[in-house]
Each structure stands twice: as structure tokens, then as C-alpha cells.
Amino acid sequence: MLASPPFDYIGFKGTYASEDSTLVNAVSSIFSNSFGTNPNTNKPYKLGTQKIQQRLKSTDYLFLAINSEGTHIGYLYGRKIMYSGNLVGWIDSVAVLPPYRRKGVGTQLLTNFVAYLARARWLGCATPNPVTVLVVTKVAKEAVFSGE
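Residues numbered from 1 in each chain as written. Predicted model: local features only at pLDDT ≥ 70, side-chain atom pairs only at ≥ 80, totals over all residues. Heavy atoms only, no water.

J.: Provide a residue-level description of the overall build of the chain, including the pertinent values.
T.: Along the chain, the regular secondary structure elements total 5 helices and 5 strands. Along its sequence from the N terminus, the chain presents helices and strands in the succession β-α-α-α-β-β-β-α-β-α. Considering the chain as a whole, with its 148 residues, one finds that 39% of them fall into the buried category. When contacts within the chain are restricted to residue pairs at least 6 apart in sequence, those whose partners lie at least 24 apart make up 58%. Summing over all exposed atoms, the chain offers an accessible surface of approximately 8800 Å²; the carbon and sulfur share of this is 52%. (Helix = DSSP H or I, 4+ residues; strand = E, 2+ residues; numbered from the N terminus. Buried < 20%, exposed > 50% of the residue type's maximum accessible area, 1.4 Å probe, protein only. Contact = heavy atoms within 4.5 Å. Areas by Shrake-Rupley, 256 points an atom, 1.4 Å probe, with all protein chains shown as cover.)

Here it is in C-alpha cells:
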């Protein structure tokens, strides 16, 4: 049996996170170092702190993964929405720095989000990343939301 990797996970209310410059900078840095290069512009995908702050203000939860050195290595932010009278846990964005992928970091971020939304009937996301969809399906099992 493999030992659990030395990562910690902490959660914050989105409105609180949006006002904390350390958290905003952490999410911006992870985003900007996770998504590679835009094939149309040949420039790295970036999302500045103002845009991150706006996004966190409109979300309910931020979860961060931190390695044993205290470095932020991944995040997930999401919200709860109502759809046809049912609660849906909606993932707005999730990213893990490349050196930490395939080590359970993203799965644990999603698991923590699901635990906070224990009453949610479904879990959903809008992402072009097929790996995220696979992890959401793994964590949510039959409770994957498909809708508008």
C-alpha cells in the first residue's frame, strides 16, 4: 500500500478568498502555470489577479492543495446552484500544477468539494479538459449533472 502524499487541503468561503491577496495570488499563479500555451496566440494562458478576484467573489467555495513546503499546488473553486428544485455542486475551475498531477491532488480537491455539498444531488462542471470530466465522474459516480 502506498503512503498518502504529503499534501494538505484547506477550504475558504469564496467571498473571503476574494479579499485575501495571498489566496488570489495563489489561484492566479496556479492557473497561469497549469494551462500551457494558447495555440491561436502562442502565448501562455494567464488569468490576472483582478479577474481571479472577480471570479472568487461570485463563487461559494475555494479549496487549495498545499505541499509539505507550504507551496500552493492546486485549487478548485465552485458554487452551489439550484436546478429543477435540486441542489447542484458546480465546479467553476480546477487546476493542479503539472509536477503534482496524477498524484490524487485533483481527486482530493473534488472530494473535499463534494463533502461540503453533501446535500447536493448532482456534481457538474463546464470544462474543455477531459481529465477533469473523468475525475468528476469518478468522484460523483452516478450523480454527474448534465444540463445548461
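What follows picks up the thread again.
J.: Please set out the confidence of the model for the chain residue by residue, giving values where relevant.
T.: With 85% of its residues at a pLDDT of 70 or more, the chain has an overall mean of 82. Helix 5 (residues 130–140) is the least confidently modelled element of the chain, averaging 69 in pLDDT, while strand 2 (residues 61–66) averages 94, the highest of any element. (pLDDT = per-residue confidence, 0-100.)

J.: With reference to specific residues and values, describe the pairing of strand 3 (residues 72–83).
T.: Taken together, the 6 bridges between strand 2 and strand 3 define a ladder with antiparallel strand orientation. Its bridge partner being in strand 3, I66 is matched across the sheet by H72. Looking at chain direction, strand 3 and strand 4 (residues 86–96) are connected through 10 bridges and run antiparallel. Each bridged residue has a counterpart across the sheet, and for Y75 the counterpart in strand 4 is A95. Once strand 3 ends, the chain turns through 2 residues before running back antiparallel as strand 4, passing S84 with a positive phi of about 50°. (Pairing = 2+ DSSP bridges.)

J.: Mind laying out the sheet that holds strand 5 (residues 122–125), listing which residues take part and the relevant values?
T.: Taken together, the 5 strands give an open sheet; going across it, the order is 1-2-3-4-5, and neighbouring strands pair in mixed fashion. The sheet terminates laterally at strand 1 (8–13) and strand 5, the two strands that pair on one side only. Within this sheet the neighbouring strands show an average axis-to-axis angle of 25°, counted without direction. Seen against the sheet, helix 2 (residues 21–32) touches strand 1, strand 2, strand 3 and strand 4 and runs at an angle of roughly 100° to strand 3. (Axes fitted to C-alpha atoms, helices over the stretch in contact; angles between N-to-C directions.)

J.: Residue-level account of the packing of aromatic side chains, with values.
T.: Enumeration over the complete set of coordinates arrives at 8 aromatic pairs. Aromatic side chains F12 and Y16 sit 6.0 Å apart centroid to centroid with 15° between the ring planes, which places their arrangement in the stacked category. The exposure class of Y16 is partly exposed, given its relative accessible area of 47%. Feature note: the residues Y61, F63, F113 and Y116 constitute an aromatic cluster, connected by ring pairs. (Phe/Tyr/Trp six-rings, centres within 6.5 Å; stacked < 30°, edge-to-face > 60°.)

J.: Let's hear about the pattern of salt bridges: which residues, and what values?
T.: Under the counting rule described, the total for this entry stands at 2 salt bridges. K57 is paired through a salt bridge with E19; the nearest N and O atoms lie 3.9 Å apart. In this pair, K57 sits in helix 3 (residues 49–57) while E19 sits in helix 1 (residues 14–19), placing the two residues 38 residues apart along the sequence. Relative accessible area serves as the criterion here: at 46%, K57 is assigned to the partly exposed category. Two residues, D92 and R79, come together in a salt bridge whose shortest N-O distance is 2.9 Å. Of this pair, D92 sits in strand 4 while R79 is found in strand 3, placing the two residues 13 residues apart along the sequence. (Salt bridge = Lys/Arg side-chain N within 4 Å of Asp/Glu carboxyl O.)

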